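# Reading the structure
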Amino acid sequence: STETTWERPSSVPGTPKSPVSQKKCAANSPSVLTVNGYHISGTPVHQLDSGHMSLRKASAEPQTPGSPAAPRRHSKESSLTINCVTFPHPDVMPEQQLLKPSEWSYCDYFWADKKDSQGNNTVSGFEILLQKQLKGKQMQKEMAEFVRERIKIEEEYAKNLSKLSQNSLAAQEEGTLGEAWAQLKKSLADEAEVHLKFSSKLQSEVEKPLLNFRENFKKDMKKCDHHIADLRKHLASRYAAVEKARKALTERQKDLEMKTQQLEVKLSNKTEEEIKKARRKSTQAGDDLMRCVDLYNQAQSKWFEEMVTTTLELERLEVERVEMIRQHLCQYTQLRHETDMFNQSTVELVDQLLRKVDPAKDRELWVKEHKTGDIRPVDMEI
């Protein structure tokens with residue numbers, strides 16, 4: 001017969017044969033299990049799906065699920081599956097290179113799902129990154145609100161200072177002391193102007209930029225979230241198709257084996273015909289499985305590429321956000337220093353006049369202005 005029967009391959013396609021090893025753990029560091037970049041300190045293999053892990057791709061070829069017919073034994077198989085994603089088994093590939101080995105980059109450490117604080121539900125690594133970005137956005141908004149409150153305080157303070165400077169209390173003080181007192185009241189008006197300008201600059205140079213930065217951030221994050229989620233759903237459906245095709249192949253192989261055994265016991269034309277038919281179905285099932293594996297690999301490769309690209313973009317946005325806030329807080333401190341300097345200048349003239357206060361001169365001036373006579377009275381004579 002020219003017909004052929006599909007046989008299970010001896011090794012899994014796409015498994016890297018010569019991975020690049022990278023030793024990163026110090027002698028006294030805890031033991032680290034690495035599965036295609038998944039780092040889990042002291043975590044058993046069967047618990048990998050709940051760890052906080054990282055992905056590292058060592059081969060340009062996508063990975064494939066395990067062999068179709070043989071049972072899954074972690075000590076022997078060359079790959080394992082976590083959340084519908086396949087990775088080389090640590091016994092086969094204990095370590096691989098990080099995508100960015102010199103940095104704690106987002107693209108290396110957020111590939112697996114993580115259980116929430118209650119341990120009930122799981123959150124994807126990508127969702128954790130999104131939550132980080134949204135939290136950063138909220139922190140930025142709250143910082144702007146904080147500056148807004150400071151602006152209100154400055155405006156109210158300037159208003160009260162200006163009002164106080166117009167108060168008529170002690171307005172009749174005379175002499176050099178009266179000049180110093182009048183200048184002190186005027187300095188309040190000057191200080192009020194300084195604080196009013198400070199509040200205006202805070203609004204235009206600190207608060208407004210904080211509020212306007214990345215206005216469409218949340219909308220963009222939703223697009224990224226939906227895109228990655230759709231790719232994961234597509235990957236899960238492809239994985240389910242592989243499992244279904246693997247199960248169908250196993251059944252076809254069992255059927256072929258059973259009919260072959262029947263042929264050995266009882267020869268008949270009917271049995272030979274059934275064997276040919278079973279062989280064709282087995283071959284077709286094998287072809288279907290290979291096709292499903294190929295589609296799965298394509299879906300996984302697409303998901304991997306989009307995850308790397310998107311996580312690097314999220315990382316860039318976070319760096320940009322932190323740097324932007326740092327610059328505007330520096331602007332805040334600079335304005336504050338300038339305000340202190342201007343406030344100091346408003347009282348310098350007051351200090352100069354206070355140093356010139358002379359009680360004797362004040363008495364002389366007052367006497368000259370208010371005297372009623374220069375001659376003392378004399379005793380009356382009889």
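Residues numbered from 1 in each chain as written. Predicted model: local features only at pLDDT ≥ 70, side-chain atom pairs only at ≥ 80, totals over all residues. Heavy atoms only, no water.

Turning next to the overall build of the protein. Across its full length, the protein holds six helices and six strands. Shown N-terminal to C-terminal, the secondary structure of the protein runs as helices and strands in the order β-β-β-β-α-β-β-α-α-α-α-α. Residues counted as buried form 36% of the 382 residues belonging to the protein. Just so you have it, the protein exposes about 24,100 Å², and 53% of that area is on carbon and sulfur atoms. (Helix = DSSP H or I, 4+ residues; strand = E, 2+ residues; numbered from the N terminus. Buried < 20%, exposed > 50% of the residue type's maximum accessible area, 1.4 Å probe, protein only. Areas by Shrake-Rupley, 256 points an atom, 1.4 Å probe, with all protein chains shown as cover.)

Quick look at the packing of helix H2 (residues 125–165) against helix H3 (residues 175–212) now. Between H2 and H3, the shortest axis-to-axis distance is 8 Å and the interhelical angle comes to 165°. When the interaxial angle is binned, H2 and H3 end up roughly antiparallel. Note on packing geometry: the crossing formed by H2 with H3 is left-handed. Grouping the amino acids of the contact of H2 with H3 by side-chain chemistry returns 17 nonpolar, six polar and seven charged. (Axes fitted to C-alpha atoms, helices over the stretch in contact; angles between N-to-C directions. Parallel < 35°, antiparallel > 145°, perpendicular 65-115°, else oblique. Left-handed = near helix turned anticlockwise from the far one by under 90°. Nonpolar A, V, L, I, M, F, W, Y, C, P; charged D, E, K, R; others polar.)

To continue, consider a nonpolar patch on the surface. Among the surface-exposed residues, Met 139, Met 143 and Leu 329 lie close enough to one another that they form a single nonpolar patch of about 220 Å² accessible area. With respect to the helices and strands, Met 139 occurs in helix H2. (Patch = residues over 30% accessible without salt bridge, like charges linked within 9 Å, V, L, I, M, F, W, Y side chains within 5 Å. Salt bridge = Lys/Arg side-chain N within 4 Å of Asp/Glu carboxyl O.)

So, on to the pairing of strand E3 (residues 79–82). Bridge count between E3 and strand E4 (residues 85–88): four bridges; the pairing is antiparallel. By the bridge assignment for E4, Ser 79 is matched with Pro 88. Hairpin remark: E3 followed by E4, antiparallel, with two residues in the connecting loop; positive phi at Asn 83, about 55°. (Pairing = 2+ DSSP bridges.)

Turning our eyes to something else, we now look at the packing of aromatic side chains. One pass over the full model with this rule turns up six aromatic pairs. Between Tyr 106 and Phe 110, the aromatic rings sit 6.0 Å apart at their centres with planes inclined by 85°, giving edge-to-face as the arrangement. On the basis of relative accessibility, which here comes to 15%, the residue Tyr 106 falls in the buried class. Here Phe 110 falls in the buried class, since its relative accessible area comes to 16%. (Phe/Tyr/Trp six-rings, centres within 6.5 Å; stacked < 30°, edge-to-face > 60°.)

As a further point, take the pattern of salt bridges. Taken as a whole, this structure holds 18 salt bridges when the rule is applied. Salt-bridge contacts for Glu 243 lead to Arg 246; the nearest nitrogen and oxygen are separated by 2.3 Å. With Glu 243 and Arg 246 both in helix H4 (residues 217–265), this residue pair falls three residues apart, about one helical turn. Take Glu 243: its relative accessible area is 28%, and that puts it in the partly exposed class. Given the relative accessible area of 8%, Arg 246 is considered buried. With a closest N to O distance of 3.1 Å, Lys 302 and Glu 306 form a salt bridge. Taken together, the positions of Lys 302 and Glu 306, both in helix H5 (residues 269–355) and four residues apart, correspond to about one turn of that helix. For Glu 306, a relative accessible area of 18% puts it in the buried group. Three or more residues are tied together by salt bridges with common partners; here these are Lys 100, Glu 103 and Glu 315.

The phi dihedral of Ala 170 falls on the positive side, at around 60°, and the residue is not glycine. Relative to the helices and strands, Ala 170 is located in the loop between H2 and H3. The partly exposed category is assigned to Ala 170, whose relative accessible area is 45%.

Now for the side chain of Lys 259. For Lys 259, the location among the structural elements is in helix H4. On the basis of relative accessibility, which here comes to 15%, the residue Lys 259 falls in the buried class. With near-sequence residues (within four places) excluded, Lys 259 lies in contact with Thr 271, Glu 274, Ile 275 and Ala 278. (Contact = heavy atoms within 4.5 Å.)

Considering soluble globular proteins, one finds that nonpolar side chains tend to be buried as a cluster. Core analysis: the largest hydrophobic core is formed by 33 residues, its most contacted members being Trp 303 and Leu 314. Every element with two or more residues in this core is listed here: E3, E4, helix H1 (106–109), H2, H4 and H5. Of all the elements, H5 adds the most residues to this core, at 12 residues. Not counting chain neighbours up to four residues away, the residues in contact with Leu 314 comprise Tyr 106, Phe 126, Leu 129, Leu 130, Gln 133 and Met 221. Grouped together as the second largest cluster of nonpolar side chains are 12 residues, Val 206, Leu 210, Phe 213 and Ile 325 included. (Core = buried A, V, L, I, M, F, W, Y, C linked by side-chain atoms within 4.5 Å.)

Over its 12 residues, helix H6 (residues 359–370) extends 16 Å from the first C-alpha to the last, a length consistent with the 16 Å expected when each residue adds 1.5 Å. Its side-chain oxygen 3.1 Å from the backbone nitrogen of Ala 360, Asp 358 forms the N-cap of H6. (Expected span 1.5 Å × (residues − 1). Polar contact = N/O pair within 3.5 Å; in protein donor to acceptor, adjacent residues only side chain to side chain.)

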